[in-house]
Amino acid sequence: VGHCHPDVVKAAHEQNQLLNTNSRYLHDNLVDYAERLSKTLPEKLCIFYFLNSGSEANDLALRLARQYTKHEDVIVLDHAYHGHLTSLIDISPYKFRNLEGQKEWVHVAPVPDTYRGLYREDHEDSVTAYADEVKNIIEHAHTRGRKIAAFFVESLPSVGGQIIPPAGYFQKVAQHVHKAGGVFIADEIQVGFGRVGKHFWAFQLQGEDFTPDIVTMGKPIGNGHPLACVATTKEIAEAFAATGVEYFNTFGGNPVSCAIGLAVLDVIEKEHLQARASEVGNFLLKLLKEQQIKHPIIGDVRGCGLFIGVDLIKDQAE
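First, a word on what this report is: a plain description of the structure on this page. In this text the structure is predicted, and so the values were computed from the model without any measurement. (Residues numbered from 1 in each chain as written. Predicted model: local features only at pLDDT ≥ 70, side-chain atom pairs only at ≥ 80, totals over all residues. Heavy atoms only, no water.)

1. Quick word on unusual backbone geometry
With phi around 65°, Lys70 is a residue other than glycine that occupies positive phi space. Mapped onto the elements of the fold, Lys70 is located in the loop between helix 3 (54-69) and strand 2 (73-77). Accessibility expressed as a relative area gives 61% for Lys70, which makes it exposed. Phi at His79 is positive, roughly 70°, even though this residue is not glycine. You can see His79 is positioned in the loop between strand 2 and helix 4 (86-89). (Helix = DSSP H or I, 4+ residues; strand = E, 2+ residues; numbered from the N terminus. Buried < 20%, exposed > 50% of the residue type's maximum accessible area, 1.4 Å probe, protein only.)

2. Brief notes about the pattern of salt bridges
Any two side chains of opposite charge can pair, so long as their charged atoms come close to each other. Enumeration according to the criterion identifies 17 salt bridges in this entry. Linking Asp90 and Lys103 is a salt bridge whose minimum nitrogen-to-oxygen distance equals 3.1 Å. Of this pair, Asp90 sits in the loop between helix 4 and helix 5 (93-96) while Lys103 is found in the loop between helix 5 and strand 3 (106-109), placing the two residues 13 residues apart along the sequence. The class for Asp90 is buried, based on a relative accessible area of 12%. We note a salt bridge from Arg146 to Glu104, for which the minimum N-O separation is 3.5 Å. Note that Arg146 is positioned in the loop between helix 6 (126-143) and strand 4 (148-154) and Glu104 in the loop between helix 5 and strand 3, a separation of 42 residues in sequence. Arg146 gets classed as buried once you look at its relative accessible area, which sits at 14%. Several salt bridges share partner residues, and in doing so they unite Glu72, Asp73, Glu104 and Arg146 into one network. (Salt bridge = Lys/Arg side-chain N within 4 Å of Asp/Glu carboxyl O.)

3. What about helix 1 (residues 6-18)?
Its 13 residues place the ends of helix 1 19 Å apart at the C-alpha level, agreeing with the 18 Å of an ideal helix rising 1.5 Å per residue. Residues Val8, Ala11, Ala12 and Gln15 constitute the buried set of helix 1. Down the axis of helix 1, the buried side of the element spans an arc of 95°, and every buried residue falls inside it. Among the exposed residues of helix 1, those pointing more than 90 degrees away from its buried face are Pro6, Lys10 and Gln17. (Expected span 1.5 Å × (residues − 1). Arc of directions from axis to C-beta.)

4. As for the packing of aromatic side chains
In this structure the tally under the stated criterion is 14 aromatic pairs. Seen in terms of ring centroids, Phe193 and Trp201 are 4.8 Å apart; in terms of plane orientation they differ by 70°. Their pairing is edge-to-face. Of the two residues examined, Phe193 and Trp201, each falls in the buried class. Residue placement shows Arg24 over the ring face of Phe248; its charged tip is 3.9 Å from the ring centre. Positioned over the ring face of Trp105 is Arg66, at 4.4 Å from the centre of the ring. (Phe/Tyr/Trp six-rings, centres within 6.5 Å; stacked < 30°, edge-to-face > 60°. Lys NZ or Arg CZ within 6 Å of the ring centre and 35° of its normal.)

The following block contains the structure:
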């Protein structure tokens with residue numbers, strides 16, 4: 001919502017003067033913020049865990065998935081990056097390929113990129129073809145006695161090249177993953193909170209009939225303040241609580257963070273920032289497409305709202 005937005009600064013300052021304590025102490029801000037956030041999400045995503053960073057959120061999502069499914073393995077997209085914790089480097093091909101390599105419990109699916117990927121715009125059914133790649137990975141894993149805990153994906157792969165997955169891809173993948181006893185985790189850390197313009201959450205671009213089992217949030221949620229969140233279903237949360245090892249995060253969801261989170265939502269609403277993302281994004285896309293006509297080095301211009309990618313190439317045909 002902009003650096004040092006006065007409304008956000010004011011909310012932080014006012015709450016800081018009253019109380020900032022660890023989250024074992026009950027405080028209305030946490031409940032008020034969870035309730036407010038729940039109104040932006042599908043109904044079944046009704047349990048919230050608050051944390052300090054996107055990496056913490058993704059690590060918790062992994063723990064939730066494994067506890068709920070009693071499985072270990074994770075499917076990720078090629079070139080993905082999900083955070084800086086050891087557990088997340090392990091599921092980030094962007095990182096692990098330069099470090100210790102791929103763990104046996106990690107499976108890498110091709111990015112559903114219809115511009116440069118395996119199946120392109122001229123393919124008769126790229127959605128099914130890309131989803132079948134995930135299905136094949138699951139089947140191959142099963143032959144080796146492996147079991148899938150989660151398909152872990154950014155709703156719009158960002159580090160992987162600002163990719164817009166074809167609509168319907170998540171639904172088909174979710175079918176294969178659920179059949180294998182796994183869950184679908186949507187990482188909204190870079191792309192949530194209205195950035196895509198058309199919707200508040202990027203996973204909603206796939207269609208109203210799709211809801212992830214777990215959604216992770218970070219970055220824009222606190223406008224630079226350390227705040228993050230995992231939203232999930234009652235069933236997954238109950239399986240996690242059943243261990244008797246409660247989830248506790250000293251400063252995740254503290255009163256100041258939640259006051260800031262509420263202020264950010266207020267600003268997004270009051271200043272119509274979701275509509276603004278569409279308006280400015282469409283304007284920028286239009287100008288970039290005008291450049292594309294003039295310059296053969298620009299192979300593709302794609303995007304939604306203020307999530308935009310420009311693909312630079314050497315050869316149009318290849």
